[in-house]
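Reading the structure
Single-letter residue listing:
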Amino acid sequence: MASDQATLSRPVSTVDPFSHEFLRDPYPHHEALREAGPVVWLEKYGIWTMARHQEVRDALTDWQTYCSSAGVGLSDFRKEPPWRPPSIILEADPPLHTRTRAVLTRILSPAAIKILRETFDREAELLIDRLVDRREFDGIADLAEAYPLKVFPDAVGLSEDGRENLLPYGSMVFNSFGPRNDLFDKATANAGPVRDWIMSKCSRAALAPGRLGMQIFDAVDAGELTENEAGMLVRSFLSAGIDTTVYGLGNALYCFAAYPEQWTILRENPALIRGAFEEVLRFEAPVQTFFRTTTKAVEVSGVRIGDGEKVLLFLAAANRDPRRWDKPDTFDVRRRATGHMTFGTGIHGCVGQAVARLETEAILTALAKRVASFELTGEPERRLNNTLRGFDRIPLRVVPV
């Protein structure tokens, strides 16, 4: 009887957050989960979920209770072997995480980002000039993918050959955080060659001197990392540094095509560009979810979560929580959107977020100079992913200034 009583006292949902139907249009489901309660039991997977801003933020900042080292996906690394060696930054907790994070934080410091800015701005202007001359292009392949695939691997020190493997690898990584469903199977169908290529790029010999990748190996020489750890951190760069920016840029283009008045506001006041990207990240989050695993029993708003339980954190649902945001379903570039959960928060907040911001700022600045408006010339096509939200194709026509 006691177990029945426990079930009655906790909100239960039968929704599958990894179904195609959910992923295509998550927002009504997000609202239902937020309104069901601060903590909801997901029957299909036997896991807990949180969709409100306060609870998501609290869980992300309490790494001692909600750990990352058991995996930030559905599978528990303590019970089943991961498909690839766990990331020593994303899927790690202190003290290991403290050591690896310190190296990356230094390499991606404000001073280091400043050095990249000139190159990123120049490449953005060259690309946008070419696309505006064409008038019509695919916002994903021609811009959202083309730009990060050029500037970020260049900054890391990767050679040109084989870069087409970066997107399939990222797709494998982010789909693997969900269940072993059709999206995971499709993403991992060609896993061997893609993984082999990635691993071949994670050694000193594969990286150009002086760039971000080789700076990680400099930390080996300084006694901060082992050679093996340095290779794994380069791998983390290559998996997390591309896809999230591709999806973020694509979502920005979609927002400005779908809400043209917002592009006009932005063009008339370029000082809003930096804040506008934060609003894109809040409104149409490229990273939708991440998991944590409890390290002890914990009570949240009267609901007891046991030790060793998986908790699915809906970053994107938190971003539209009316408890936190005024008119959360409205896209408004004048909004102060700081506090969104798209990059996470706490010690596991996205270490490369400054690079993503730099890339997007460069692109939006170049577009604001050259493009009066965007028009969709066809229906955008979604790219379904267990963790990310974005597009496969956005057919665009630009009206030049």
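Residues numbered from 1 in each chain as written. Predicted model: local features only at pLDDT ≥ 70, side-chain atom pairs only at ≥ 80, totals over all residues. Heavy atoms only, no water.

1. Here we look at the overall build of the chain
When helices and strands are tallied, the chain shows 17 helices and 13 strands. A compact globule built from 401 residues would reach a C-alpha radius of gyration of about 21 Å, and the chain, at 21 Å, matches this within 12%. Principal-axis analysis of the C-alpha atoms gives the chain an extent of 70 × 50 × 40 Å. The buried share among the 401 residues of the chain stands at 58%. Across the chain, every contact between residues at least 6 apart in sequence was considered, and the portion connecting residues at least 24 apart equals 72%. By element, 52% of the accessible surface of the chain is carried by carbon and sulfur atoms, the whole surface being about 16,300 Å². Each charge class in the chain can be summarised by its mean position, and for the 49 positive and 55 negative side chains these summaries are 2 Å apart. (Helix = DSSP H or I, 4+ residues; strand = E, 2+ residues; numbered from the N terminus. Rg over C-alpha atoms; globule rule 2.2 N^0.38 Å. Buried < 20%, exposed > 50% of the residue type's maximum accessible area, 1.4 Å probe, protein only. Contact = heavy atoms within 4.5 Å. Areas by Shrake-Rupley, 256 points an atom, 1.4 Å probe, with all protein chains shown as cover. Lys, Arg positive; Asp, Glu negative; His and termini not counted. Charge placed at Lys NZ, Arg CZ, Asp CG, Glu CD.)

2. Side note on empty space enclosed by the protein
A complete count under the given rule lists four cavities of 30 Å³ or more for this structure. As for the largest cavity, its lining consists of 38 residues, and the residues nearest its centre are Leu90, Ala240, Cys350, Val351 and Gly352. For the lining of the largest cavity, the elements supplying multiple residues, two or more each, are α5 (96-107), α8 (166-175), α12 (227-240), α13 (243-258), β6 (289-294) and α17 (353-370). Among the elements that line the lining of the largest cavity, the one with the most residues is α12, at five residues. As a volume, the second largest cavity reaches approximately 150 Å³. Lining the second largest cavity are 18 residues, and of these Leu23, Gln288, Asn385, Asn386 and Leu388 lie nearest its centre. At the level of elements, α2 (20-24), β11 (381-384) and β12 (389-393) are the ones that each hand at least two residues to the lining of the second largest cavity. Along the lines of polarity and charge, the residues of the lining of the second largest cavity split into eight nonpolar, seven polar and three charged. (1 Å grid on protein atoms, 1.4 Å probe; cavity = no way out; pocket = protein on both sides within 12 Å on 5 of 7 lines; lining within 4 Å. Points joined across faces, edges and corners; volume = space filled by probe spheres on them. Nonpolar A, V, L, I, M, F, W, Y, C, P; charged D, E, K, R; others polar.)

3. Quick look at the packing of aromatic side chains
Taken as a whole and judged by the stated rule, the model has 14 aromatic pairs. With a centroid separation of 5.7 Å and 80° between ring planes, the pair formed by Phe18 and Tyr45 is classed as edge-to-face. Note that Phe18 is positioned in the loop between β1 (12-13) and α2 and Tyr45 in the loop between β2 (40-42) and β3 (47-50), a separation of 27 residues in sequence. Judged by relative accessible area, Tyr45 falls into the partly exposed class, the value being 21%. Look at Tyr254 and Phe391: their rings are 4.7 Å apart centre to centre, the planes differ by 35°, and that puts the pair in the tilted class. A residue pair is termed long-range when its members are at least 10 positions apart, and Tyr254 in helix α13 and Phe391 in strand β12 qualify at 137 residues. For Tyr254, a relative accessible area of 22% puts it in the partly exposed group. Classification of Phe391 as buried rests on a relative accessible area of 6%. (Phe/Tyr/Trp six-rings, centres within 6.5 Å; stacked < 30°, edge-to-face > 60°.)

4. Thoughts on the packing of α8 against α13
The description of two helices packed together rests on the angle between their axes and the distance between the axes. Between α8 and α13, the shortest axis-to-axis distance is 9 Å and the interhelical angle comes to 95°. By the angle class used here, α8 and α13 are roughly perpendicular. On α13, the residues that touch Leu166, Leu167, Gly170, Ser171 and Phe174 of α8 are Asp243, Thr244 and Val246. In terms of residue class, the contact of α8 with α13 is built from four nonpolar, three polar and one charged. (Axes fitted to C-alpha atoms, helices over the stretch in contact; angles between N-to-C directions. Parallel < 35°, antiparallel > 145°, perpendicular 65-115°, else oblique.)

5. Description of helix α6 (residues 110-134)
Counted at 1.5 Å a residue, the expected span for α6 with its 25 residues is 36 Å, and the 35 Å between its end C-alpha atoms agrees. The sharpest bend along α6 comes to roughly 35°, located at Leu116. Downstream of α6 by a residue or two, Arg135 has a phi angle that is positive, lying close to 75°. (Expected span 1.5 Å × (residues − 1). Bend = angle between axes of the 7 residues up to and from the residue.)

6. Thoughts on the packing of α8 against helix α10 (residues 191-200)
Between α8 and α10, the least distance of the axes is 10 Å, while the angle of their chain directions is 110°. Comparing their axes, α10 and α8 come out roughly perpendicular. Contacts between α8 and α10 involve Leu166, Pro168, Tyr169 and Met172 from the first element and Ala191, Val194, Arg195, Trp197 and Ile198 from the second. Its residues assigned to classes, the contact of α8 with α10 comprises eight nonpolar, no polar and one charged.

7. Quick notes on α8
For an α-helix, the turn length of 3.6 residues means that residues three or four places apart are oriented alike. Counting buried positions along α8 gives eight out of ten residues, so the element sits mostly inside the fold. Listed in full, the buried residues belonging to α8 are Leu166, Leu167, Tyr169, Gly170, Met172, Val173, Phe174 and Asn175.

8. A word on the pattern of salt bridges
The full count for this structure, using the stated rule, is 28 salt bridges. With a closest N to O distance of 3.4 Å, Arg78 and Asp76 form a salt bridge. What makes Asp76 buried here is its relative accessible area of 6%. The salt bridge partner of Asp332 is Arg334, with a shortest N-O separation of 3.3 Å. Taking the relative accessible area as the measure of exposure, Arg334 reaches 54% and is therefore exposed. One network of salt bridges, with partners in common, ties together Lys150, Asp154, Glu160 and Arg163. (Salt bridge = Lys/Arg side-chain N within 4 Å of Asp/Glu carboxyl O.)

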